[in-house]
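As a plain string of letters, each chain reads:
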Amino acid sequence: MANKENFGSKFGIIAAAAGSAIGLGNIYRFPCEAGANGGGAFFIVYLAIVILMGLPLMLSEFVIGRRSGKNPVGAFKALAPESKGWGVIGYLGVLAAFLILAFYSTVAGWTIDAVGKSIINYYHGLDKDTIQGDFNNLMNESWQPILSEGIFIFLTAFVIVKGVTKGIEKYSKILMPILLGILIVLCIKSLTLPGAGKGISFFLKPDFSKITGKVLISALGQAFFSLSLGMGCLITYGSYIAKKDNLTSTAFAVCISDTLIAILAGIVIFPAAFTFGIRPEAGNELAFVTLPMLFNQMVGGYFFCLIFFLLLTIAALTSSISLLEVPVLYLTEQLKTSRKKATIYSAIGAFVLCVISSESLHADTPLKLFGLNVFEALDTFSSTFLLTVGGLLTVIFLGWKMKKADFYDEYTNGGKVNIGLRKIIYFIIKFIAPVAITVILITQFIK
Ligand code: TRP
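Heads up: these notes are all about the structure in this document. Owing to the predicted nature of the structure, the values given are computational and were not obtained by experimental measurement.

Considering the overall build of the chain
Stage number 1. A tally of regular secondary structure across the chain gives 19 helices and 2 strands.
Stage number 2. Taken over the C-alpha trace, the chain has a radius of gyration of 21 Å; the compact-globule value for 447 residues is 22 Å, and the two agree within 12%.
Stage number 3. Considering only C-alpha atoms, the chain reaches an extent of 65 × 50 × 40 Å along its principal axes.
Stage number 4. When burial is assessed residue by residue, the chain has 61% of its 447 residues classed as buried.
Stage number 5. A separation threshold of at least 6 residues defines the contact pool for the chain, and within that pool the share at least 24 residues apart is 83%.

As structure tokens, this is what we get:
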């Protein structure tokens with residue numbers, strides 16, 4: 001696509017794709033899911049899924065995006081014009097983008113709230129019960145969360161209107177390495193706490209007897225969520241990747257950095273949670289109560305706390321940008337809406353859903369679906385259903401619908417890079433990943 005912007009440099013695309021991948025999914029959602037699913041059992045399954053399904057799916061999305069040069073809806077139509085129906089993957093993706101953005105912005109709102117509290121040194125000297133009580137109050141408030149969510153969605157839309165390359169690249173390149181640095185410092189601190197042994201063994205010691213259908217589907221959903229897969233997000237980014245860039249090394253770099261950040265988050269949170277008496281199944285509190293408690297115990301806690309939550313907000317922003325980009329690109333390319341209008345419409349849609357999601361967290365909420373509040377329902381439905389089914393259809397499309405020669409051609413940059421693993425990768429995409437995802441989708445219904 002000659003008329004389309006490309007990412008400026010190799011590092012630019014890695015930074016942007018890693019920026020999409022690394023976010024609240026790593027630092028907030030990963031510990032929540034690991035905590036709720038038995039810790040070590042979840043962790044080992046998660047790792048296996050990232051390697052066996054995440055990486056091949058990521059490559060598939062990059063190939064589909066770059067080959068077609070289009071948004072997810074247009075991409076499937078362009079690559080298989082004779083067989084209609086595949087565009088549905090793209091539509092599912094647009095739907096998923098809105099649903100995910102809604103609850104994602106809710107969590108991002110709490111993060112912004114934590115930035116505000118850090119600035120005024122609010123957490124200083126508070127005990128666990130007070131921090132916990134405050135966090136629960138925040139859920140039950142009406143206006144404060146809406147305000148911070150509004151700010152977050154506005155910022156997302158602002159960066160999008162400015163254009164992909166300039167917008168995204170500039171922010172993620174410098175800031176993500178700093179986030180990594182802070183996480184390492186936090187790990188060291190956490191590992192010196194009295195609950196470190198218990199926390200680490202909960203998080204990392206695999207207990208195979210705890211692997212159930214629910215653990216499998218949660219790990220699959222979390223892996224796709226964390227790597228931004230299964231809804232065309234990386235198809236969209238793939239359409240911006242330059243023809244000369246090496247897709248394999250990009251995908252490896254993204255998977256490794258995303259997984260590393262998630263593991264570090266677990267090493268920070270579980271020892272601290274065990275030390276402060278916060279249950280691993282505590283859910284939302286796990287990150288938002290444990291971390292302020294941890295900062296309270298640190299020399300220089302004020303600065304670490306402030307910088308950490310600021311960077312987490314920015315990490316969330318580089319992820320939400322990639323989410324919003326999906327409907328925006330769909331509207332501009334398929335329906336010929338102007339970029340500005342497409343962004344404004346999509347942002348308003350996401351905001352409305354987000355308000356419903358955050359209001360559903362009130363203790364006495366009537367906003368429930370299937371016994372879950374709307375926030376949880378959006379989260380669970382999008383990650384364990386939309387993303388997994390989207391991912392499944394994507395690998396099936398690549399393995400069975402797209403021509404093998406086209407895949408190799410795109411994947412090897414027209415034969416210019418020799419990828420030793422290409423046959424294995426193709427085999428995984430065609431056979432192993434579809435079977436494994438299907439099995440996991442089915443086993444969740446077996447007790
Ligand atoms: N991966 C991001 C995170 O971990 C969230 C995200 C961005 C996402 N784009 C996505 C999740 C696409 C699923 C699909 O925070």
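Regarding the layout of surface pockets
Stage number 1. A volume near 650 Å³ is recorded for the largest pocket.
Stage number 2. Around the largest pocket, the lining is made up of 22 residues, and of these Glu33, Ala36, Glu376, Asp379 and Thr380 lie nearest the centre.
Stage number 3. With 6 residues, helix α17 (residues 374-401) is the largest single contributor of residues to the lining of the largest pocket.

Some words on the site of the ligand
Stage number 1. Close to the ligand lie 17 residues; Ala21, Gly25, Tyr104, Phe225 and Ser228 are nearest.
Stage number 2. A distance of 3.2 Å is found between an oxygen atom of the ligand and a backbone nitrogen or oxygen belonging to Leu24.
Stage number 3. Take Ser228: an N or O atom from its side chain is 3.0 Å from a nitrogen atom of the ligand.
Stage number 4. Alone, the ligand offers 360 Å² of accessible surface; in the complex the protein occludes 100% of this.

Considering the packing of aromatic side chains
Stage number 1. Counted according to the given criterion, the structure contains 33 aromatic pairs.
Stage number 2. Centre to centre, the rings of Phe308 and Phe309 are 5.4 Å apart; their planes meet at 80°, and the pair counts as edge-to-face. Each member of the pair Phe308 and Phe309 is classed as buried.
Stage number 3. Ring plane angle 90° and centroid distance 5.6 Å describe the contact between Trp400 and Phe431, whose orientation is recorded as edge-to-face. Here Phe431 lies in helix α19 (residues 422-443) and Trp400 lies in helix α17, a separation of 31 residues in the sequence.
Stage number 4. In this structure an aromatic cluster arises from ring pairing among Tyr28, Phe103, Tyr104, Trp110, Phe135, Phe225, Phe288 and Phe375.
Stage number 5. Stacked on the ring of Tyr122, the Lys or Arg Lys117 has its end atom at 5.6 Å from the ring centre.

Regarding the nonpolar core
Stage number 1. In terms of nonpolar packing, the biggest core is built from 152 residues, with Trp110 and Phe308 touching the most fellow members.
Stage number 2. With near-sequence residues (within four places) excluded, Trp110 lies in contact with Tyr28, Phe135, Leu138, Met139, Asn284, Phe288, Leu361 and Phe375.

Here's the deal with the side chain of Glu61
Stage number 1. With respect to the helices, strands and loops of the structure, Glu61 is situated in helix α3 (residues 40-68).
Stage number 2. Every residue in contact with Glu61, bar those within four places of it in the chain, is listed here: Ser228, Leu229, Gly230, Met231, Gly232, Cys233, Leu234, Ile235 and Thr394.

Rules behind the numbers
Residues numbered from 1 in each chain as written. Predicted model: local features only at pLDDT ≥ 70, side-chain atom pairs only at ≥ 80, totals over all residues. Heavy atoms only, no water. Helix = DSSP H or I, 4+ residues; strand = E, 2+ residues; numbered from the N terminus. Rg over C-alpha atoms; globule rule 2.2 N^0.38 Å. Buried < 20%, exposed > 50% of the residue type's maximum accessible area, 1.4 Å probe, protein only. Contact = heavy atoms within 4.5 Å. 1 Å grid on protein atoms, 1.4 Å probe; cavity = no way out; pocket = protein on both sides within 12 Å on 5 of 7 lines; lining within 4 Å. Points joined across faces, edges and corners; volume = space filled by probe spheres on them. Near = heavy atom within 4 Å. Polar contact = N/O pair within 3.5 Å; in protein donor to acceptor, adjacent residues only side chain to side chain. Areas by Shrake-Rupley, 256 points an atom, 1.4 Å probe, with all protein chains shown as cover. Phe/Tyr/Trp six-rings, centres within 6.5 Å; stacked < 30°, edge-to-face > 60°. Lys NZ or Arg CZ within 6 Å of the ring centre and 35° of its normal. Core = buried A, V, L, I, M, F, W, Y, C linked by side-chain atoms within 4.5 Å.

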